Amino acid sequence: MPVILRLLRLLRPYRSRILLGFLCLVIDVVTELTPGFIWLAIVDKAVIAKRLELLPWLISALIGINFVEMMISGARRRLLESVGQSFVFDLRQMLVAKLARLPLAFYGEAQTGDLLSRVSSDVEAVQEVVVSGTDSLLANLLRLLGVAVIFCSLNWKLGLATLSPIIVVGILLRLFNKQVKPIYARSRQQLGALTARLNDSLAGVRVVKGFARELEENEAFRKFNQAYLGTNLEGIRKRSTLFPFVGFVVSFTNTILLGFGTWLIVHGEFTLGGLVAYRTYGRYFYGPMDNLTQINDMMQRAIAAGTRIFEVIDASETVSNQPDALPLPDLQGRIEFRNVSFHYEHVGTFAEDLEPPREAALDEVSFQVEPGQRVALIGESGAGKSTIMALLTRMWDPTEGQVLMDGVDIKTLELRSLRRRVVTVPQDTFLFATTVGENIRFGRPNATVGEVEEAACAANAHEFIERLPNGYDTVVGERGVKLSGGQRQRISVARAFLAGGSILLLDEATSAVEPESERLIYESLQRLLRGKTAVIATHRLSTIRGADLILVLSRGRIVERGTHKQLIRERGLYARMVEQQSGGEVLVG
């Protein structure tokens, strides 16, 4: 119930429509229950008492009531369905907004397919019960309450006897819920795992085909699918045991009580019209009991889905705006790391339990870059280069120490403002499945066509874009699959040109492209770097040699720092790395 109540609280923005819908529901139930009294009057007053002049009026009343019920029911359905669709919209937006705020550590553990399952199928399961299920629950409870009162007013002995099945059904539902709760939770988890596996197979289809692993991937998916099927079949077995048994209890009790009503008539304690009314109201009493078992089953599914949704909503936002965060003013471009240490803490998929930190990714790192300077980061894989880049854009926050820009701790700045002034050209270029122009414009959505083309020219991309089937309106496919690696990287550089910014981060921007593209990208990057403070992680010797400051990293620490000439003279780690790249010859100039 805590999950259901929490979901219901999300309906507060629609309380006026819900209250109106509840009013329609009460009127609807009253109009449903009124015909039984009319049938009692038809039998006892018009037929048995032979007052046939009442019959037209009573028949007209039945028709009128049925018409009112039809109109009220239609209005109620429109109200609730509109609330349901709005609720789904809001809940999905809430989830997507939360996912956008969550730190990279969260995505290091979560699977994309599982998150997609939570945003799509779990939300649908919740919507079904929060709006439709709650309406049906209230309607059936009102019918049960109303009919119980009517039964007791018709004949108190028969009325009290009729309520006896409720106790039996309640016990059965309690036992059922205890059994199916873990089954439905496991089913939702398996659906998420199934979706995640499918997402991986589709995203890596080139690798799958390249290694001829189609059959093995199909078998791996079959295992996930088989597990999901087995869990669902287990749930079906539980439901197929409960529902027919509840139906039997209801039917058996109804038959016995019909005999009891006949016995009461014979002994002068009940009327024939009362028995007809009793039979009329029976479907509004025993039918809702059957419906409530199905609503209960629906609620158990929704609880499992809602639990998964709230796991995302409640996930820890370890990197977020402080309450008094300030927008970043015009940035000169001064960068300072002051005794910065950082541990990649292992964060569980939904950020509840933190394991003890592993070896530090950065350990008491300090350096300063003046506006317009270029600093090169070099070192073996895992030395801490990408971590420094991530800390500059607050993808993570330091475990200890401070990262400052223009003398201001970036923790005190608005994230959106910071990231719009610090532009990154990553090693692994990501393009959206839209047009070339929209991908370039991503960092500045209001840019004109001319500005987009100017950025593409600066990135040495205009020429190949013009040769595409639809030029800048060519759709690049998922992740830019229709373009080569070099073309995707040049579009990434064009995006950086258009975004502007005072600080530029280059993370191995030419490491995974063909030689001709590497030359073009290098030329464009030199243009992009003009007048900007730049932090460059690279192994390219020509780029390193031109840096104002070179930081040599090893195991998260700065082991050497200085210009190219200074470090060569020191004959340390940097000199050995240069010697390896230049074929054994140490170049000082």
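Residues numbered from 1 in each chain as written. Predicted model: local features only at pLDDT ≥ 70, side-chain atom pairs only at ≥ 80, totals over all residues. Heavy atoms only, no water.

The subject of this paragraph is the overall build of the protein. When helices and strands are tallied, the protein shows 20 helices and 10 strands. Residue burial in the protein is summarised as follows: out of 589 residues, 47% are buried. By sequence separation, contacts in the protein at least 24 residues apart represent 78% of the contacts at least 6 residues apart. Carbon together with sulfur atoms contributes 58% to the accessible area of the protein, which is approximately 29,900 Å² in total. (Helix = DSSP H or I, 4+ residues; strand = E, 2+ residues; numbered from the N terminus. Buried < 20%, exposed > 50% of the residue type's maximum accessible area, 1.4 Å probe, protein only. Contact = heavy atoms within 4.5 Å. Areas by Shrake-Rupley, 256 points an atom, 1.4 Å probe, with all protein chains shown as cover.)

This brings us to the packing of aromatic side chains. Going through the model one piece at a time under the given rule, you end up with 4 aromatic pairs. Aromatic side chains Phe337 and Phe367 sit 4.7 Å apart centroid to centroid with 15° between the ring planes, which places their arrangement in the stacked category. Residue Phe337 is found in strand β1 (residues 335-342), and its partner Phe367 is found in strand β2 (residues 362-369); the two are separated by 30 residues along the sequence. By relative accessible area, Phe337 is classed as buried at 1%. You can call Phe367 buried: its relative accessible area is 3%. Seen in terms of ring centroids, Phe430 and Phe432 are 5.0 Å apart; in terms of plane orientation they differ by 80°. Their pairing is edge-to-face. Classification of Phe430 by relative accessible area gives partly exposed; the value is 39%. (Phe/Tyr/Trp six-rings, centres within 6.5 Å; stacked < 30°, edge-to-face > 60°.)

The 6 strands lie next to each other as β6-β7-β8-β3-β9-β10, forming an open sheet whose pairing is mixed. The two strands at the open ends of the sheet, each matched to only one other strand, are β6 (422-425) and β10 (557-562). Strand-to-strand twist in this sheet, taken as the mean axis angle between neighbours without regard to direction, amounts to 20°. In the sheet, strand β3 (residues 374-379) pairs with strand β9 (residues 549-554) via 5 bridges, with the strands oriented parallel. Across the sheet, Gly379 pairs through a bridge with Leu553, a residue of β9. (Pairing = 2+ DSSP bridges. Axes fitted to C-alpha atoms, helices over the stretch in contact; angles between N-to-C directions.)

A separate point is a nonpolar patch on the surface. A contiguous nonpolar surface patch, about 650 Å² in accessible area, is contributed by Leu20, Leu23, Ile27, Phe67, Val68, Met70 and Met71. Of all elements in the fold, only α2 (15-48) and α3 (55-101) reach the threshold of two or more residues within the nonpolar patch. Per element, the largest residue contribution to the nonpolar patch is 4 residues, and it comes from α3. (Patch = residues over 30% accessible without salt bridge, like charges linked within 9 Å, V, L, I, M, F, W, Y side chains within 5 Å. Salt bridge = Lys/Arg side-chain N within 4 Å of Asp/Glu carboxyl O.)

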